[in-house]
Amino acid sequence: MRRQVALPLVLLAASMSSAAQDALRGKRLYYDLAGLTSAPVSCVECHGGFPGAAHGIGRAANDPNAIRYALGSIPQMARLDAHLSARDIADIAAYLGAPDVASPQLVLVSDGPGTNHGAQGRMEIGLSPDAGVLYSGMTLQNRGAAPVRLRSGPVISGSGAAHFRLRFTDCTAGRVLPRGESCRFEVALDPDARMPAPVATLSIAHDWLYGGERVALIGRVAERAGGKTRLSK
Ligand code: HEC
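Scoring rules and cut-offs
- Residues numbered from 1 in each chain as written.
- Predicted model: local features only at pLDDT ≥ 70, side-chain atom pairs only at ≥ 80, totals over all residues.
- Heavy atoms only, no water.
- Near = heavy atom within 4 Å.
- Helix = DSSP H or I, 4+ residues; strand = E, 2+ residues; numbered from the N terminus.
- Donors = N, O, S within 2.8 Å, 3.2 Å for Na, K, Ca; no water.
- Tetrahedral: all angles 85-135°; square planar, octahedral: opposite > 155°, others 65-115°.
- Buried < 20%, exposed > 50% of the residue type's maximum accessible area, 1.4 Å probe, protein only.
- Axes fitted to C-alpha atoms, helices over the stretch in contact; angles between N-to-C directions.
- Left-handed = near helix turned anticlockwise from the far one by under 90°.
- Contact = heavy atoms within 4.5 Å.
- Nonpolar A, V, L, I, M, F, W, Y, C, P; charged D, E, K, R; others polar.
- Disulfide = S-S within 2.5 Å.
- Pairing = 2+ DSSP bridges.
- pLDDT = per-residue confidence, 0-100.
- Salt bridge = Lys/Arg side-chain N within 4 Å of Asp/Glu carboxyl O.
- Core = buried A, V, L, I, M, F, W, Y, C linked by side-chain atoms within 4.5 Å.
- Domains from an automatic or database assignment.

Chemist: Please clarify how the site of the ligand should be interpreted in this entry.
Modeler: Around the ligand lies a shell of 20 residues, among which Cys-43, Cys-46, His-47, Arg-59 and Met-77 are the nearest. Of all elements in the fold, only helix 3 (43–47) and helix 4 (64–73) reach the threshold of two or more residues within the shell around the ligand.

Chemist: I'm lost on the coordination of the iron atom of the ligand in this one. Help?
Modeler: Octahedral metals with six donors have ideal donor angles of 90 or 180 degrees. Tetrahedral metals with four donors have an ideal donor angle of 109.5 degrees. With distances of 2.0 to 2.2 Å, the protein atoms coordinating the iron atom of the ligand are His-47 (NE2) and Met-77 (SD). One way to put it: the 6 donor atoms around the iron atom of the ligand meet at angles of 86 to 179°, and that makes the site octahedral. Of this pair, His-47 sits in helix 3 while Met-77 sits in the loop between helix 4 and helix 5 (86–97), and the two are 30 residues apart along the sequence. Both residues of the pair, His-47 and Met-77, count as buried.

Chemist: I tried to follow the packing of helix 4 against helix 5 on my own but got confused; where do I start?
Modeler: Each pair of packed helices can be summarised by the angle the axes make with each other and by the distance between the axes. Their axes nearest at 8 Å, the elements helix 4 and helix 5 cross at an angle of 115°. Helix 5 is crossed by helix 4, and the crossing has right-handed handedness. Residue-level contacts link Pro-64, Ile-67, Arg-68 and Leu-71 of helix 4 to Ala-86, Ile-89, Ala-90, Ile-92, Ala-93 and Leu-96 of helix 5. Residue composition of the contact of helix 4 with helix 5, grouped by class: 9 nonpolar, no polar and 1 charged.

Chemist: Explain the state of the cysteines to me, please; I cannot follow it from the model alone.
Modeler: Covalent bonding between the sulfur atoms of two cysteines defines a disulfide. Tallied over the full model, the rule gives 1 disulfide. Disulfide partner of Cys-171: Cys-183, at an S-S distance of 2.1 Å. Across the S-S bond linking Cys-171 and Cys-183, the dihedral sits near 100°, which makes this disulfide right-handed. Of this pair, Cys-171 sits in the loop between strand 6 (164–169) and strand 7 (176–177) while Cys-183 sits in strand 8 (residues 182–189), and the two are 12 residues apart along the sequence. In terms of burial, Cys-171 and Cys-183 fall into one category: buried.

Chemist: Would you mind going over the sheet that holds strand 8 with me for this structure?
Modeler: Sheet strands pair via backbone hydrogen bonds, and the direction of the pair is either parallel or antiparallel. Read across the open sheet, the 4 strands follow the order 1-3-8-6; overall the sheet is antiparallel. Since the sheet does not close on itself, it has two edges, and those belong to strand 1 (106–112) and strand 6, each with one partner. Strand after strand, the sheet turns through a mean of 25° between neighbouring axes, direction not considered. As paired elements, strand 1 and strand 3 (residues 135–142) share 6 bridges and run antiparallel to each other. Residue pairing across strands places Ser-110 opposite Met-138, the latter belonging to strand 3.

Chemist: Sorry if this is basic, but what is going on with the confidence of the model for the chain here?
Modeler: With 77% of its residues at a pLDDT of 70 or more, the chain shows a mean pLDDT of 84. Within the chain, the element-level pLDDT minimum falls on helix 1 (residues 2–19), averaging 43, and the maximum on strand 7, averaging 98. This stretch, residues 1–19, has a pLDDT under 50; its non-local contacts, to residues over four places away or in other chains, come to 0 contacts.

Chemist: Could you clarify how one ought to interpret the pattern of salt bridges in this entry?
Modeler: Side chains bearing opposite charge may pair, as long as their charged atoms lie close to each other. Throughout the structure, instances matching the rule amount to 8 salt bridges. Of the charged contacts in the structure, one is a salt bridge between Arg-175 and Glu-181, with a shortest N-O distance of 3.7 Å. What makes Glu-181 partly exposed here is its relative accessible area of 35%. For Arg-184, the salt bridge is made with Glu-186, and the minimal N-O distance between the two is 2.6 Å. A relative accessible area of 9% places Glu-186 in the buried class. A single salt-bridge network, built from bridges that share partners, covers Arg-25, Arg-87, Asp-88 and Asp-91.

Chemist: For this particular structure, what's the right way to read the nonpolar core?
Modeler: Side chains of a nonpolar character, in soluble globular proteins, are inclined to be buried together. Of all hydrophobic cores here, the largest spans 48 residues; its most connected members are Tyr-30, Leu-96 and Phe-185. Per element, the largest residue contribution to this core is 6 residues, and it comes from helix 5. Summarising the domain contributions, this core has at least three residues from each of domain 1 (2–97) and domain 2 (106–231).

Chemist: Hey, could you run me through the pairing of strand 8 in this one?
Modeler: In summary, the side chains of a regular strand alternate between the two faces of the sheet. When you tally the buried positions in strand 8, you get 6 out of 8 residues, the bulk of the element. Sheet topology places strand 3 next to strand 8; 7 bridges connect them, and they run antiparallel. Bridge pairing in strand 8 links Leu-140 to Cys-183. In terms of strand pairing, strand 6 meets strand 8 through 5 bridges, oriented antiparallel. Residue pairing in the sheet places Phe-164 in a bridge with Leu-189 of strand 8.

Here you go:
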């Protein structure tokens, strides 16, 4: 008799845990549905950041049926319906109910020695007249309460990619950055670069919003004009 009772209990426990809503996953869907699926837009594009979002979306907190109803009744939302599973909808409702769910929060900070560093998402590497500065460094910090997993190290692509070289990195595929940890990379400008301002993109893939970070790499090559040397604009 014990066995007959125990089996349904085990099944019940298993189905409860697999149905448990994942607010962190819901947050990622809310902000990045279009990146994760072939949906044309994400919730954030019409509703804005949550909390404080528009159109009374907060009423769907912990209430997947309210989202289902909106998908079926609001014309602007109809085209999202096919891209959302029952689990996705449950997870988004869980996020709306727990907007402060522990999440990764990634910040890119330039740390020199290249010129004009400081702007987030942008790394300028100046080739000084005396060839003193040929590279620049940047850290990727996780300031959020949940860890992030890197899916790649820095990859340089784009029209001017051949003019840049990854000089150092400890941001590597598979590395997990818990709260407060960072990894770092350095990019060098090819000293023979003759383009006025070579431009490329450095990307690091990860498992959080937008699937990665992107940094614009901008080379500033010294120009000699009228006996003076200045960095290209
Ligand atoms: C293309 C724009 C657009 C997108 C994308 C969108 N919505 Fe909406 N949504 C609206 C508009 C507009 C309304 C309000 C309609 C009204 O009040 O008449 C609305 C209303 C809602 C409501 C109803 C709120 C209430 O009054 O009960 C919910 C819930 C909702 N949206 C959830 C979502 C979720 C979740 C997503 C992402 C999966 C999403 N929406 C994506 C435009 C959008």
